[in-house]
Amino acid sequence: MSHLSLAVPAATTLIDANWLDYLLVVIYFGFVLGIGFMARRSVSDSIDFFLSGRSLPAWVTGLAFISANLGAVEIMGMSANGAEIGLPTVHYFWVGAIPAMLFLGVVMMPFYYGSKVRSVPEFMFRRFGTGAHLVNAISFAVAQLLIAGVNLYLLGSIVHALLGWPLWVALIVAAAIVLSYITLGGLSAAIYNEVLQFFVIVASLLPLTLIGLHRVGGYGGLKDKIAAFAESAPAAAKVAPAAQQLESWPGQALSGFSSSFLSVIGIVFGLGFVLSFGYWTTNFVEVQRAMASKSISAARKTPIIGAFPKMFVPFIVILPGMVSAVLVKEMIDLKGGGTPAGGASGEGVKYNDALLLLMRDVLPNGLLGLAIAGLLAAFMAGMAANISAFNTVFSYDLWQRYIRKDHSDDYYLRIGRLATVAATVIAIFTATIASSFSNVMDYLQTLFGFFNAPLFATFILGMFWKRMTATAGWVGLSSGTISAVVVAFLSEDAFGSASLGVLGLSGQGASFVAASTAFVVDIVVSVLVTMVTEPKPASELKGLVYSETPKEDLRDPEEASQPWYQRTMPLAGIALLMVLVLNFAF
Amino acid sequence: MSDKTTSTKPAKKTAGAFDIRNIIGSLLGLYGVILLLAGLFADKALDKTGGVNANLWTGIVLIVVSALFLGWARVKPIVVPDEVEKVGDDPTRPAPRRRSGGH
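I will try to describe carefully the structure that is included in this document. What you see is a predicted model, and the numbers here were worked out from it, not measured in a lab.

## Overview of the pattern of salt bridges
Residues and elements named next belong to chain A.
Part 1 of the argument: Applying the stated criterion across every chain yields a total of four salt bridges over all chains.
Part 2 of the argument: E330 serves as the salt-bridge partner of R360, at 3.0 Å between the closest nitrogen and oxygen. Here the residue R360 occupies a position in helix α19 (residues 354-362), and E330 occupies one in helix α18 (residues 329-335), the gap between them amounting to 30 residues.
Part 3 of the argument: Here R360 makes a salt bridge to D361, at a shortest N to O gap of 2.8 Å.
Part 4 of the argument: For D361, a relative accessible area of 23% corresponds to the partly exposed category.
Part 5 of the argument: Taken together, the salt bridges that share partners define one network made up of E330, R360 and D361.

## Considering the packing of aromatic side chains
Part 1 of the argument: Evaluation of the coordinates by the stated rule reveals 30 aromatic pairs over all chains.
Part 2 of the argument: Ring centres of A:F199 and B:F69 lie 5.1 Å apart, and the angle between their planes is 80°; on these two criteria the pair is classed as edge-to-face. Taken as a pair, A:F199 in helix α10 (residues 190-215) and B:F69 in helix α3 (residues 54-75) lie in two separate chains rather than in one. B:F69 carries the same exposure label as A:F199, and that label is buried.
Part 3 of the argument: Through pairs of rings, three or more aromatic residues link up here, namely A:F103, A:F269, A:F273, A:F277, A:F456 and A:F519.
Part 4 of the argument: Above the plane of the ring of A:F125 lies A:R401, whose end atom (NZ or CZ) is 3.6 Å from the centre.
Part 5 of the argument: In this arrangement the basic side chain of B:R21 is found over the ring face of B:W72, its NZ or CZ atom lying 4.9 Å from the centre.

## So, empty space enclosed by the protein
All names here are of chain A.
Part 1 of the argument: For the structure shown, the criterion picks out three cavities of 30 Å³ or more.
Part 2 of the argument: What lines the second largest cavity is L87, V90, W94, Y219, P314, F315, I318, L319 and F586.
Part 3 of the argument: Per element, the largest residue contribution to the lining of the second largest cavity is four residues, and it comes from helix α17 (residues 313-327).
Part 4 of the argument: Among the residues making up the lining of the second largest cavity, the classes are represented as nine nonpolar, no polar and no charged.

## Quick look at the packing of helix α7 (residues 120-128) of chain A against helix α20 (residues 367-403) of chain A
Residues and elements named next belong to chain A.
Part 1 of the argument: It is the contact of α7 with α20, at a shortest axis distance of 9 Å, that shows an interaxial angle of 35°. Touching P121, E122 and F125 of α7 are V393, D397, R401 and Y402, all from α20.
Part 2 of the argument: Of the residues contributing to the contact of α7 with α20, the split by class is four nonpolar, no polar and three charged.

## Thoughts on α7(A)
Part 1 of the argument: Burial analysis of α7(A) places seven of its nine residues in the buried class, which makes it a mostly covered element.
Part 2 of the argument: Taken together, the buried positions of α7(A) are A:V120, A:P121, A:E122, A:F123, A:M124, A:R127 and A:F128.

## Regarding a nonpolar patch on the surface
Residue and element names in this part refer to chain A.
Part 1 of the argument: Taken together, F261, L262, I265, F269, V520, V524 and L528 make up a surface patch of nonpolar side chains, about 660 Å² in accessible area.
Part 2 of the argument: For the nonpolar patch, the secondary-structure elements that each account for two or more residues are α14 (260-282) and α24 (507-532).
Part 3 of the argument: The biggest single contributor to the nonpolar patch is α14, with four residues.

Parameters and conventions
- Residues numbered from 1 in each chain as written.
- Chains lettered and ligands numbered in written order.
- Predicted model: local features only at pLDDT ≥ 70, side-chain atom pairs only at ≥ 80, totals over all residues.
- Heavy atoms only, no water.
- Salt bridge = Lys/Arg side-chain N within 4 Å of Asp/Glu carboxyl O.
- Helix = DSSP H or I, 4+ residues; strand = E, 2+ residues; numbered from the N terminus.
- Buried < 20%, exposed > 50% of the residue type's maximum accessible area, 1.4 Å probe, protein only.
- Phe/Tyr/Trp six-rings, centres within 6.5 Å; stacked < 30°, edge-to-face > 60°.
- Lys NZ or Arg CZ within 6 Å of the ring centre and 35° of its normal.
- 1 Å grid on protein atoms, 1.4 Å probe; cavity = no way out; pocket = protein on both sides within 12 Å on 5 of 7 lines; lining within 4 Å.
- Points joined across faces, edges and corners; volume = space filled by probe spheres on them.
- Nonpolar A, V, L, I, M, F, W, Y, C, P; charged D, E, K, R; others polar.
- Axes fitted to C-alpha atoms, helices over the stretch in contact; angles between N-to-C directions.
- Contact = heavy atoms within 4.5 Å.
- Patch = residues over 30% accessible without salt bridge, like charges linked within 9 Å, V, L, I, M, F, W, Y side chains within 5 Å.
- Areas by Shrake-Rupley, 256 points an atom, 1.4 Å probe, with all protein chains shown as cover.

Following this line, the structure appears as C-alpha cells:
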C-alpha cells in the first residue's frame, strides 16, 4: 500500500486491505469493463439481440430486476436498520417488497407491457395527458438525481474507508468511474452487469453472515447477546426491548407506535400497501427491466421470479447488521448511546457503518476483497441505474415531449449523453450535501417516498375506472403529495426540527401515516374531480384501462401450454405462500 | 427458450462468451481458485473468523457453483437465430425515429 500513501498523504484507513484484496477488486472491474467493450465492439444485430435482454431467460431478467434495487440504500440502509432495531427490518422485504412485486407481475404489468409505453411517465401521459405526466416525470427525474447522489456518497465513503483518500477526492474518482462505466457499457450491458453483481454480492455477504453468526455462537447466541444488551443498555440510549428486536411482529421498534395493534395496521397498510406498492409498481428503474422482456408472459414473470431470491436477501443483509451491533466494539458503543470516533465518513461511527466494521472484524484478506468488490459493484450499478433512468426520462419524456420535438435520432442520443454527464456532476454535489447533512438526505428520501404513494393511487384508479378524467389525474396526484408533506410537517420528526410536532407521530410511523394520508386524499380528490369534469372517450383508453382492453391482450396465449412452474399465476401463488410462512416463522 | 430453433441449420451459432452463464461461471471460478489458494497459503486470520478457514471453504463453494454454471451453459447452449426481427415501433411513442422513416 506504500504507493497509495505516496499518492495521497492520508489518514489511517478503516479497513486494512492487502494486495490480494485489490487483486479481487481489479478482476471484477476487468469483467465489468470487458462486458462493456464486448457490447461496444459487437454491434451486429444478433449480439445486440442477446445483450438487450429480449432473448434472456426469465431468471436473468428476474435477477436484474432485484439487482437494480440492491444498491447502497438497500445494503447499507437495511444492515443499519438491522443493527439499530433488529428483525422488524424484514418488513421492508416480506410485507413491503414481495407482495408489491407479485402485484406488479400479476395485475399491472399487462397494462405497461400491453400499452407499449417505453417509460412509466409515458403511461401517465397516455392515460391522463400533460398535467399528470409533468408531475410524474419531473418528480421522478429529480428523485433519481438525489438517489444517485446517495449512492455516490456511499461509494465514495467505501473508497475513503479503503484507501484513506479524502472524501471529495474519492467522490470525484468514483463519479468518473461510474461515468465511464455507463458510457462504455451503455444500457445494453447493464442487465449482464447487474446479474453478475448479484452473484458477487451473495458470494461476499453469505460468508460474512455465516462467519459473523459463528463468532456470536449461532442464531441462538445472537439472540442471547441481543437480549443481554437490551437488558444492560442505559435507558438514555433508547434501545428497543429484546422482544421487539427479535420478533418481526408487531414491529413497534420499526413503526414507533406504542399500540401493537396500530403498529400492525401501520406496517401492513402504510409500509406494505401504500409505500411499497407505490415504489415497486410505479418506479421506472425497476419496471424498465421487465418491459424489455420478449413476451407479456416473460414480462409478468420477471418480478415474480425476482421475488424468490428477494425474500432471502434479508438474511444476508439484516442478520450481519444485527451481529455487528453485538460484536463490533464501535457499534456496541454507538448503540449503547456513545459517540465513537472514526467510521467511513471520518466524522464518527454511524449505523451505516455496521457492515463495513463487521467486514473489518471477521473477514480474512481475500474474502475481504470479495466483499469490497461486491459493495463497490452494488453502488456503481445502483448509481448507474439511477442515472440511466434519469437519462431516458429526461431525454424522451421531458426534452423531446416539451422542449425540442421532431429532431433526428443522433440529436436525442447527444442530448442523452449530455444529460448523463450533467447528472453525474449534479450527483457529486448531492453527494457532498449527503456527506455534510446526512439527515437532510433522509428527509429528502422521505419526501420522495411521498410522491410514490399518490402515484400508485392514481395509477390503480386510472387502470380500473374508465370514467376517471385527465384533470382528476393531476389534481389527485398533487393534492395527495401535498397532504403527505403537510402530515410530515405536523409530525414530530419526519422533517427533523422543521416538523411542528402537532401530531404525536415519529420515526417510520410518521412516514407510514403520511403516505397513507396521501393515498386516501388522492383517491377522494380524484373521485370528486372526476364527477365534475369530462372523461376521455373510451376509444382512447384501449390497453390503458381494464374494462376497455380485450382480455386476450392481457394474457399470453402460449402460457396455457407451458408446465405449471413456467406459468405466472402458480409461481406467484408459491411466492405468496413462502412469504407468509417466513412471516410466521420470524 | 432457444433449443427448438436449431434443427435445420448444420452449423449453429451459439452465444459462447456472450452467454451470461459463461461470464458468471468464469468470474466465480476465478474467485474460487484465488480464495482456495489464499486459504491454503495466505494468512488464515483464524482469530477473526473464529477458527474457520473461511477463504478455503468459500473458494471450494465458488468453484462448485462455477462448475454448475459452466456445465449448464455447455449442456444447453443458447443459439443465436440468423434473423432477428426488428422491434415494431409504436407511432405514438416519443422515441428517436429511425433514419429511414419520415421526418
